[in-house]
Structure formats: structure tokens, C-alpha cells
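Given next are the chains, with one letter for each unit.
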Amino acid sequence: MSPAIENQAPAAALPARDAPVFSPADVTVVFVLGGPGAGKGTQCARLVAEQGFHHLSAGDLLREEQDRPGSQFGQLIKDYIKDGLIVPMEVTIKLLENAMTAALKEKGTTKGRFLIDGFPRKMDQAHKFEEAVCPAKVVLFFDCPEKVMEERLLERGKTSGRTDDNAESIRKRFRTFIETSMPVVNFYEGQGKVIKVDATPSPADVSVTTSKLLTEKLSS
Ligand code: UDP
Ligand code: MG
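Residues numbered from 1 in each chain as written. Chains lettered and ligands numbered in written order. Predicted model: local features only at pLDDT ≥ 70, side-chain atom pairs only at ≥ 80, totals over all residues. Heavy atoms only, no water.

- In the nomenclature of an unreviewed UniProt entry, the chain corresponds to Uridylate kinase from the organism Hypocrea atroviridis.
- According to UniProt, the comment filed for the chain under the heading Function (unreviewed entry) is "Catalyzes the phosphorylation of pyrimidine nucleoside monophosphates at the expense of ATP. Plays an important role in de novo pyrimidine nucleotide biosynthesis. Has preference for UMP and dUMP as phosphate acceptors, but can also use CMP, dCMP and AMP."
- According to UniProt, the comment filed for the chain under the heading Catalytic activity (unreviewed entry) is "UMP + ATP = UDP + ADP". (UniProt positions renumbered as here; feature names shortened; annotations may be inferred.)

### Digging into the overall build of the chain
- The helix and strand tally for the chain stands at nine helices and five strands.
- Its helices and strands taken in sequence order, the chain reads α-β-α-β-α-α-α-β-α-β-α-α-β-α from the N to the C terminus.
- By the compact-globule yardstick of 17 Å for 220 residues, the chain fits well, its C-alpha radius of gyration being 17 Å.
- By its C-alpha atoms, the chain is 50 × 45 × 35 Å across when sized along the principal axes.
- Pairs at least 24 apart in sequence give 79% of the contacts found in the chain among residues at least 6 apart.
- For the chain, the computed accessible surface area is about 10,900 Å², with 52% contributed by carbon and sulfur atoms.
- Here the chain carries 29 positive and 30 negative side-chain charges, and the mean point of each set is 2 Å from the other. (Helix = DSSP H or I, 4+ residues; strand = E, 2+ residues; numbered from the N terminus. Rg over C-alpha atoms; globule rule 2.2 N^0.38 Å. Contact = heavy atoms within 4.5 Å. Areas by Shrake-Rupley, 256 points an atom, 1.4 Å probe, with all protein chains shown as cover. Lys, Arg positive; Asp, Glu negative; His and termini not counted. Charge placed at Lys NZ, Arg CZ, Asp CG, Glu CD.)

### Side note on the packing of helix H3 (residues 58-67) against helix H4 (residues 74-82)
- Where H3 contacts H4, the axes come no closer than 7 Å and their chain directions differ by 135°. By the angle between their directions, the pair H3 and H4 is classed as oblique. Helix-helix and strand crossings are classified by hand; for H3 and H4 the assignment is left-handed. Of the residues in H4, those touching H3 at Leu-62, Arg-63, Glu-65 and Gln-66 are Gly-74, Ile-77, Lys-78 and Ile-81.
- Among the residues making up the contact of H3 with H4, the classes are represented as three nonpolar, two polar and three charged. (Axes fitted to C-alpha atoms, helices over the stretch in contact; angles between N-to-C directions. Parallel < 35°, antiparallel > 145°, perpendicular 65-115°, else oblique. Left-handed = near helix turned anticlockwise from the far one by under 90°. Nonpolar A, V, L, I, M, F, W, Y, C, P; charged D, E, K, R; others polar.)

### Structural notes on the side chain of Ser-71
- Inspection of the secondary structure puts Ser-71 in the loop between H3 and H4.
- With a relative accessible area of 15%, Ser-71 lands in the buried category.
- At a separation of 3.4 Å, a polar atom in the side chain of Ser-71 contacts the main-chain amide nitrogen of Gly-74. (Buried < 20%, exposed > 50% of the residue type's maximum accessible area, 1.4 Å probe, protein only. Polar contact = N/O pair within 3.5 Å; in protein donor to acceptor, adjacent residues only side chain to side chain.)

### Structural notes on the sheet that holds strand S5 (residues 194-198)
- On the basis of which strands lie adjacent, the open sheet formed by five strands has the order S2-S3-S1-S4-S5 and parallel pairing. Every interior strand has two partners, whereas the edge strands, strand S2 (54-57) and S5, have only one. Taking each pair of neighbouring strands and ignoring which way they run, the sheet shows an average axis angle of 20°.
- The pairing of strand S1 (residues 27-34) with strand S3 (residues 112-117) spans six bridges and is parallel. Looking at the pairing, Val-27 lines up with Gly-112 of S3. (Pairing = 2+ DSSP bridges.)

Dropping the structure here:
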């Protein structure tokens with residue numbers, strides 16, 4: 001990482017709070033995890049269509065903020081994403097909280113169900129989000145061999161325009177996933193919150209399995 005990145009201050013510290021902004025009695029949070037290219041976004045889109053979840057992709061929110069004119073975090077986000085590193089959590093958590101608030105407001109309700117896609121990817125994010133924003137009910141984990149993910153990402157890279165869908169960034173993203181994000185999956189596994197889905201079959205087949213397991217888990 002360049003010194004320029006290290007020296008940039010993260011977002012204003014998240015305010016200390018006595019309780020999370022959203023109560024789990026009103027708001028259902030499902031974290032959606034899996035390596036880069038495992039199919040998180042694809043499966044979330046299907047769950048939105050079938051089950052009426054709100055879908056919030058942490059990566060998409062970061063890319064949006066990166067491109068927002070006047071954002072003080074544009075360059076920082078750009079550098080972290082290209083290097084496959086995790087953006088300082090204050091930035092991502094604030095973007096998620098704002099998006100959740102906006103989604104509920106738009107529907108004129110305090111109750112909602114959210115798929116939080118590609119987050120938390122690091123233990124500090126997991127703890128902070130649950131403490132300050134909303135405790136999570138379930139973690140969907142899409143399990144996929146690296147070889148398959150690599151093929152999918154290189155294919156996507158032909159048209160995605162993403163700065164991190166190239167061989168070098170992909171290698172770095174895999175490393176971050178194994179070293180930093182798998183501990184999050186294991187942590188939630190220990191809490192009995194994880195639904196593990198084999199992500200190698202076709203999107204339609206994975207979707208059938210996911211939908212069934214998620215419905216069962218949320219009603220149990
Ligand atoms: N990212 C981050 N914090 C997050 C989620 C994503 O810093 O909580 C950054 C990270 O650099 C990651 C990139 O955004 O490699 C792309 O994430 P995205 O979820 O869009 O990629 P996917 O895994 O879906 O290919
Ligand atoms: Mg994605």
C-alpha cells in the first residue's frame with residue numbers, strides 16, 4: 001500500500017451508541033458472503049425478485065461513493081479496491097447505514113429485510129456493524145473453489161469495466177478473502193448462523209437451494 005493511502009484519515013469516527021440504530025425485531029439482516037466471483041450478487045438479485053428483500057452490495061456502494069463528485073474518499077476507495085484490500089470500516093458501515101435508512105424511508109416503514117452482500121469481510125466490521133447498526137440473523141455463505149471463481153471473474157472482466165477484475169487484482173482479492181474474510185465466516189459458523197451453499201452449480205440450481213435453506217432458517 002502506498003504511504004499516500006495510509007496517511008489518509010478514515011471517515012469521521014462512527015458515533016458511540018448505546019444500542020444499534022435498527023432493532024432486529026423490525027429489521028432482518030442477512031449477511032451474504034463468499035469469495036470474489038462466488039455469485040453473491042447474482043443470487044441476491046434472485047432473492048430480491050422471489051422474496052422481496054432489499055439488496056445492498058457493499059462493493060457497489062463503495063464504487064458509487066468513489067464516483068460521487070466531491071467525495072472525500074474517492075481516491076482512497078479506488079486504491080483499496082484495486083489492491084483487493086478492505087476499505088476502512090467507518091466508510092463502508094456509514095454507507096450501509098445510510099442506504100438502509102433510505103430504503104426504509106422510501107417504503108415509509110420501519111420494518112424490512114436486507115441482504116447485505118459482500119460484507120462483513122473483516123472481523124472489526126462484523127462487530128462494529130452489529131453493535132452500531134443492526135445485529136445479523138443469518139449468514140449466507142457461497143462456497144466455491146478458487147479455480148471456478150477465477151474463471152468467472154476473468155470472464156466478467158471482459159465487460160465489467162471493474163478495475164479489480166484482472167489477474168493481478170484477483171490474486172490479491174483471493175488472498176484477502178482467505179486471510180481476512182474466512183475468519184468472519186468461521187466466527188458466525190460458531191454461532192450457528194451460517195447457511196453454506198455449494199456455489200458451483202448453475203445460477204438457477206444454486207438459487208433453488210438458497211431460497212429453500214434461507215426460508216427454513218429464517219422461520220426456525
Ligand atoms: N470492499 C471493502 N469492504 C467491504 C466490501 C468490499 O473494502 O465491506 C472492497 C474490497 O476492496 C473488495 C471490493 O470492494 O475487493 C469489491 O467488492 P465486491 O463485493 O464488489 O466484489 P465481489 O466479491 O462481489 O466480486
Ligand atoms: Mg459482487
